[in-house]
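# Report on the structure
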Amino acid sequence: AQSVTQLDSQVPVFEEAPVELRCNYSSSVSVYLFWYVQYPNQGLQLLLKYLSGSTLVKGINGFEAEFNKSQTSFHLRKPSVHISDTAEYFCAVRESNTGNQFYFGTGTSLTVIP
Amino acid sequence: KAGVTQTPRYLIKTRGQQVTLSCSPISGHRSVSWYQQTPGQGLQFLFEYFSETQRNKGNFPGRFSGRQFSNSRSEMNVSTLELGDSALYLCASSLPGQGSYEQYFGPGTRLTVT
């Protein structure tokens, strides 16, 4: 089974500063990768996904992520954060050959400081 | 198209009781997954149903069970509730098969066990 690690449980960052949220997964088998965002009292919303092709993927709200197969990483970045980006961010992995089971990291709480 | 709906949104139960949570997937989605979300643990996979059959199961005790109906709606049941069952329970639906990869989440049911 996959193991997904989000090393930073909390990330404070000043408004308009850049941010990177880190995600590493355990297995080098073929995978699909996702980042989800969760605002307070809401479910998870898809930010972006990597299925194949270009290793740099762009998502909603100005976020992007880069897939690095050799390092089994899928870090999320944004060049300039806004107050509205304050939320919980989850990295998720789905193996391409084992059906529909997703494995989630424990989440990173991003707090944007005005 | 309506999103994933979950009922009820909030629930308070006492130890030893049982509870049933409901999830209605996006129209046309046939796969429904359930997750338990607790602070510090992230999302823990409970089970996945597809075409009324449990296809995957996480590492939870037998007190946690589920089912799916012919219209793809799903219910989750927890018997003999324990304090540690207090959590946000999330349901996610997806189109299984080629070309459909991400899961769409409902807002969750907040269960408090006292």
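Below is a summary of the structure that appears in this document. All chains use their own residue numbering, which begins from 1 and follows the written sequence. Written order determines the labels here, with chains lettered from A and ligands numbered from 1. Thresholds applied to this predicted model are a pLDDT of at least 70 for local features of residues and 80 or more for the giving and counting of side-chain atom pairs; totals over whole chains, interfaces and linings are not thresholded and use all residues. In computing side-chain properties, one takes all heavy atoms of the structure into account and sets aside hydrogens as well as water.

## Things to note about the sheet that holds strand E1 (residues 5–7) of chain B
Residue and element names in this part refer to chain B. Taken in spatial order, the four strands line up as E1-E3-E8-E7 in an open sheet, and their pairing is antiparallel. Both outer strands of the open sheet, E1 and strand E7 (64–68), are each paired with one neighbouring strand and no more. If you compare each strand with its neighbour and ignore which way they point, the axes differ by 20° on average. When DSSP locates at least two bridges between a pair of strands, those strands are taken to pair. Here a strand is any run of E in DSSP of at least two residues, a helix any run of H or I of at least four, and the numbering for each starts at the N terminus. Here an angle of 0 to 180 degrees is reported between the N-to-C directions of two axes, which are lines fitted to C-alpha atoms, with helices fitted over the stretch in contact.

## Considerations on the layout of surface pockets
A cavity here means a set of points on a 1 Å grid, drawn over the protein atoms and nothing else, where a 1.4 Å probe fits but cannot get out; a pocket is an open set with protein on both sides within 12 Å along at least five of seven lines, and a residue lines either one if it has an atom within 4 Å of a point. Grid points are joined across faces, edges and corners, and a volume is the space filled by probe spheres set on the points. If you add up the space inside the largest pocket, you get close to 400 Å³. Around the largest pocket, the lining is made up of 21 residues, and of these Gln 38, Glu 88 and Phe 90 of chain A together with Gln 37 and Pro 39 of chain B lie nearest the centre. Listing elements by their share of the lining of the largest pocket, those giving two or more residues are strand E10 (87–95) of chain A together with strand E4 (31–38) of chain B. For the lining of the largest pocket, the leading source of residues is E10 of chain A, giving three residues. Here the lining of the largest pocket is composed, by residue class, of six nonpolar, 13 polar and two charged. Empty space within the second largest pocket amounts to approximately 220 Å³. The wall of the second largest pocket is formed by 17 residues, among which Tyr 103 and Phe 104 of chain A together with Leu 43, Gln 44 and Phe 45 of chain B lie closest to the centre. Of all elements in the fold, only strand E11 (102–104) of chain A together with strand E5 (42–50) of chain B reach the threshold of two or more residues within the lining of the second largest pocket. In this classification, the charged set is Asp, Glu, Lys and Arg, the nonpolar set is Ala, Val, Leu, Ile, Met, Phe, Trp, Tyr, Cys and Pro, and all remaining amino acids, among them Gly, are polar. For the lining of the second largest pocket, the per-class residue count stands at eight nonpolar, nine polar and no charged.

## Let's talk about the side chain of Gln 103 of chain B
With respect to the helices and strands, Gln 103 of chain B occurs in the loop between strand E9 (87–94) and strand E10 (104–105). Contacts described as polar in this section are N or O atom pairs within 3.5 Å, which, within protein, must combine one atom able to donate a hydrogen with one able to accept it, while residues neighboring in sequence count only if both atoms come from side chains. Within polar-contact distance, the side chain of Gln 103 of chain B engages the side chain of Ser 33 of chain B at 3.2 Å. Within polar-contact distance, the side chain of Gln 103 of chain B engages the side chain of Tyr 35 of chain B at 2.8 Å. Not counting residues up to four positions away in its chain, the partners in contact with Gln 103 of chain B are Tyr 36, Asn 100 and Phe 102 of chain A together with Ser 33, Tyr 35, Ala 92, Ser 93 and Ser 94 of chain B. The contact criterion used is simple: two residues touch if any of their non-hydrogen atoms lie within 4.5 Å.

## Focus on the pairing of E4 of chain B
All names here are of chain B. The element E4 is largely enclosed, with a buried count of eight among its eight residues. Both faces of E4 are covered, namely the face carrying Ser 31, Ser 33, Tyr 35 and Gln 37 and the face carrying Val 32, Trp 34, Gln 36 and Thr 38. As judged from the eight bridges shared by E4 and E5, these two strands associate in the antiparallel manner. Along E5, the bridge assignment pairs Val 32 with Tyr 49. From the end of E4 to the start of E5, which pair antiparallel, there are three residues, and Gly 40 there has a positive phi angle of about 85°. Bridge analysis of E4 against E9 gives seven bridges, and the strand direction is antiparallel. Within E9, the position partnered with Trp 34 by the bridge is Cys 91. Per-residue accessibility, obtained with a 1.4 Å probe over protein chains only, is compared with the maximum for each type, and a residue is labelled buried under 20%, exposed over 50%, and partly exposed between these values.

## Points about the state of the cysteines
All names here are of chain B. When two cysteine sulfur atoms lie within 2.5 Å, the pair is treated as a disulfide. According to the stated counting rule, one finds two disulfides over all chains in the structure shown. Each sulfur of the disulfide joining Cys 23 and Cys 91 lies 1.7 Å from the other. Residues Cys 23 and Cys 91 are joined by a disulfide whose S-S torsion is about -50°; by sign, that bridge is left-handed. Of the two residues, Cys 23 sits in strand E3 (residues 19–24) while Cys 91 sits in strand E9, which places them 68 residues apart along the sequence.

## As for empty space enclosed by the protein
Going through the model one piece at a time under the given rule, you end up with one cavity of 30 Å³ or more. Each pocket or cavity is described by its volume, and for the largest cavity that value is around 60 Å³. Considering the residues around the largest cavity, the lining is formed by Asn 41 and Gln 42 of chain A together with Arg 9, Tyr 10, Leu 88, Pro 107, Gly 108 and Arg 110 of chain B. Grouping the constituent residues of the lining of the largest cavity by class yields three nonpolar, three polar and two charged.

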